[in-house]
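Close look at the chain arrangement
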Amino acid sequence: MLKNGFHDVPAGKVTVVVTFLEMTAKPAMKAGALPDGVAFRRVTPDLDWYRDIFTRVGGMDWLWFGRLMLEDSALEAILADPGVEIYTLTRGGVDLALMELDFREDGACELEYFGLASELIGTGAGRYLINQAIERAWTKPISRFHLRTCTIDSPQALGFYQHVGFKPVKQAIEIADDPRLLGVLPETAGSHVPMLRP
């Protein structure tokens, strides 16, 4: 077992501290422009597109795995739901971002997934994309826009979300099977997260 600063971590598991954040009104926003050559677009994704962008944006660097654990039929149902909107940023014909807005809960929107491929980090694209998320969320009749981030995500993520107007409302500890040991992601994914073999 390995101690993560809170609890012993069982072999074969990944333990994270999850921070839940929300905003209850549209905040004042700072302008953000798209980098040259980058376009913003809504996507109607198929399974292959979604799994590819999900893995490139979050799986390899940050060990995102939630959507990769779903059966095809479960993921297809999410992607086809009219309450789910998916957007990307594209440069040179290559999609390099994932922004997923989930309006399936009445009166609320969840920023389910949000991230950039490494090629766009530091270009200002993140500011532009979060502005799009906030604008689009608050065009709907909601009273709460919320998200969750965790300790295996980018170390800048929590501060970034707070900077644009989200407020932390609670934290929780979650334990899951390590997706690398299940073959869902390669063993090289999420190198900042220790892999504890059984």
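Provided above is the structure to which this section pertains.
Here is what the cut-offs are and how they apply
Residues numbered from 1 in each chain as written. Predicted model: local features only at pLDDT ≥ 70, side-chain atom pairs only at ≥ 80, totals over all residues. Heavy atoms only, no water. Helix = DSSP H or I, 4+ residues; strand = E, 2+ residues; numbered from the N terminus. Rg over C-alpha atoms; globule rule 2.2 N^0.38 Å. Buried < 20%, exposed > 50% of the residue type's maximum accessible area, 1.4 Å probe, protein only. Areas by Shrake-Rupley, 256 points an atom, 1.4 Å probe, with all protein chains shown as cover. Lys, Arg positive; Asp, Glu negative; His and termini not counted. Charge placed at Lys NZ, Arg CZ, Asp CG, Glu CD. Pairing = 2+ DSSP bridges. Salt bridge = Lys/Arg side-chain N within 4 Å of Asp/Glu carboxyl O.

1. As for the overall build of the protein chain
- When its secondary structure is counted, the protein chain shows 4 helices and 10 strands.
- Beginning at the N terminus, the succession of helices and strands in the protein chain can be written as β-β-β-β-α-α-β-β-β-β-α-β-α-β.
- Its C-alpha atoms give the protein chain a radius of gyration of 17 Å, within 12% of the compact-globule value 16 Å for 198 residues.
- Taking the principal axes of its C-alpha atoms as reference, the protein chain extends roughly 45 × 35 × 35 Å.
- In the protein chain, buried positions account for 48% of the 198 residues.
- Per element, the accessible surface of the protein chain, about 10000 Å² overall, is 53% carbon and sulfur.
- A distance of 6 Å separates the average location of the 20 positive side-chain charges in the protein chain from that of its 26 negative side-chain charges.

2. Structural notes on the pairing of strand β5 (residues 84-91)
- Of all 8 residues in β5, 7 are buried, a share of seventy percent or more.
- Sheet analysis places strand β4 (residues 38-43) next to β5, joined by 6 bridges and oriented antiparallel. When the bridges of β5 are listed, Phe 40 appears paired with Leu 89.
- Pairing of β5 with strand β7 (residues 97-102) involves 4 bridges; the strand directions are antiparallel. Across the sheet, Val 84 pairs through a bridge with Asp 102, a residue of β7.
- Where β5 meets strand β6 (residues 94-95), 2 bridges bridge the pair, whose relative direction is antiparallel. Directly across from Arg 91, in β6, lies its bridge partner Val 94.
- Joining the antiparallel neighbours β5 and β6 is a turn of 2 residues, in which Gly 92 adopts a positive phi near 60 degrees.

3. Re the pattern of salt bridges
- Inspection of the entire model under this criterion finds 12 salt bridges.
- Salt-bridge contacts for Glu 22 lead to Arg 144; the nearest nitrogen and oxygen are separated by 2.6 Å. With Glu 22 in strand β3 (residues 13-23) and Arg 144 in strand β9 (residues 144-150), the pair connects residues that are 122 residues apart, well separated along the chain.
- Overall, Arg 144 belongs to the partly exposed group, its relative accessible area being 28%.
- The closest approach of N and O atoms between Glu 187 and Arg 197, which form a salt bridge, is 2.7 Å. Remark: Arg 197 occurs in the segment after β10 (167-177) and Glu 187 occurs in the segment after β10; sequence separation between them is 10 residues.
- According to the relative accessible area criterion, Glu 187 is partly exposed, its value standing at 47%.
- With relative accessibility at 47%, the residue Arg 197 sits in the partly exposed group.

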